[in-house]
Amino acid sequence: MKRIAISGLVGMVVAFAVGALFYAVLFKSSMDEFTKAFGSIAIAEPNFGIIISTEAIQAFMMALLLEKLSINSWMSGLKVGLLVGLALMCWFDLWMFGSFSCMTTSMFMTDICLNVPIFTIMTVSMAAVRMRLK
């Protein structure tokens, strides 16, 4: 239980920090394009309470999966993070592509290329923490 709790907390912080770095700093122009494309349905000021909640859900679900799969090395975390991250983002972005007319192929690819590394970095950090807590 301790490894799930600690790795989940680490994953939540890492996902939020790396996501903020990617979306608010490194790839801000892409995020601005997304917001512009979604027009009136986009929220001008993100609700960070909801964003932090989603990071927590994602991290603790991944912590449970890492426990179930007995993932205790950063390399295993990398593989699982890539596979699960790619599956989740393909599902989400295909849903977005099918649900919103403003979603373009470029936005689809950009979102996957930004979010899969964020998810993978989160998972690798969680696996590294699990390694230390054996």
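Residues numbered from 1 in each chain as written. Predicted model: local features only at pLDDT ≥ 70, side-chain atom pairs only at ≥ 80, totals over all residues. Heavy atoms only, no water.

### Side note on the packing of aromatic side chains
Working definition: an aromatic ring pair is given by the centre-to-centre distance plus the angle between the planes. Put simply, the rule reads: Here the aromatic set is Phe, Tyr and Trp, taking the six-membered ring for Trp, and pairing holds for ring centres within 6.5 Å; pairs whose planes are under 30 degrees apart are stacked, those over 60 apart are edge-to-face, and all others are tilted. Secondary structure counts use DSSP, requiring at least four H or I residues in a row for a helix and at least two E residues in a row for a strand, with both numbered from the N terminus. Relative accessibility thresholds used throughout: buried, under 20% of the residue-type maximum; exposed, over 50%; partly exposed, between the two (1.4 Å probe, protein chains only).
Per the counting criterion, the structure on display carries five aromatic pairs. Arranged with centres 6.3 Å apart and planes meeting at 75°, the rings of F16 and F48 form a pair that is edge-to-face. Of this pair, F16 sits in helix α1 (residues 2–26) while F48 sits in helix α3 (residues 48–68), and the two are 32 residues apart along the sequence. With relative accessibility at 30%, the residue F16 sits in the partly exposed group. Ring centres of W95 and F100 lie 5.9 Å apart, and the angle between their planes is 80°; on these two criteria the pair is classed as edge-to-face. Under the relative-accessibility criterion, W95 is labelled partly exposed at 44%. The class for F100 is partly exposed, based on a relative accessible area of 27%. Among the aromatic residues, ring-to-ring pairing joins W91, F92, W95 and F100 into one connected group.

### Thoughts on the confidence of the model for the protein
Detailed conclusions should not be drawn from predicted coordinates in areas where pLDDT is low. The criterion, for reference: pLDDT is a residue-level measure of predictor confidence that goes from 0 to 100.
Averaged over all residues, the pLDDT of the protein equals 88, while 99% of them reach at least 70. Between the elements of the protein, mean pLDDT differs from a low of 76, seen in helix α2 (residues 28–38), to a high of 93, seen in α3.

### Brief notes about helix α4 (residues 74–99)
Residues that lie three or four places apart on an α-helix share one face, since the helix turns once every 3.6 residues. Cut-off, in case you're wondering: An expected span of 1.5 Å times one less than the residue number is assigned to each helix. Contact definition: two residues touch when any of their heavy atoms are within 4.5 Å.
If you check α4, its first and last C-alpha atoms are 36 Å apart, about what 26 residues at 1.5 Å a residue would give, namely 38 Å. Of all the positions in α4, only G77, V80, G81, G85, M89, D93 and M96 are classed as buried. Packing partners of the buried residues in α4 comprise α2, α3 and α5 (105–132).

### A closer look at the environment of L21
In this structure, L21 sits in helix α1. For the pair formed by L21 and I118, sequence separation is 97 residues and the distance between their alpha carbons is 9.8 Å.

### Some remarks on the pattern of salt bridges
Put simply, the test is: In the sections that follow, a salt bridge refers to a side-chain nitrogen of Lys or Arg positioned within 4 Å of a carboxyl oxygen of Asp or Glu.
Under the definition given, this model contains two salt bridges. The closest approach of N and O atoms between E67 and R3, which form a salt bridge, is 3.6 Å. In this pair, E67 is assigned in helix α3 and R3 in helix α1, connecting sequence segments 64 residues apart. A relative accessible area of 31% means that E67 is categorised as partly exposed. Across the pair R130 and E67 runs a salt bridge, and its minimum N-O distance is 2.7 Å. Of this pair, R130 sits in helix α5 while E67 sits in helix α3, and the two are 63 residues apart along the sequence. The buried category is assigned to R130, whose relative accessible area is 0%. Residues joined by salt bridges that share partners form a network here, namely R3, E67 and R130.

### Notes on the layout of surface pockets
Keep this limit in mind: Residues are called lining when one of their atoms sits within 4 Å of a cavity or pocket point, these points coming from a 1 Å grid over the protein atoms alone, where a cavity is a set in which a 1.4 Å probe fits but cannot get out and a pocket is an open set with protein on both sides within 12 Å along at least five of seven lines. Grid points are joined across faces, edges and corners, and a volume is the space filled by probe spheres set on the points. Classification convention: Asp, Glu, Lys, Arg as charged; Ala, Val, Leu, Ile, Met, Phe, Trp, Tyr, Cys, Pro as nonpolar; all other residues, Gly among them, as polar.
Within this model, the largest pocket holds a volume of roughly 1800 Å³. Lining the largest pocket are 43 residues, with Y23, M31, I51, T54 and N115 sitting closest to its centre. Taken together, the elements giving at least two residues each to the lining of the largest pocket come down to α1, α2, α3, α4 and α5. No other element matches the nine residues that α3 contributes to the lining of the largest pocket. Across the lining of the largest pocket, the residue classes tally to 30 nonpolar, seven polar and six charged.

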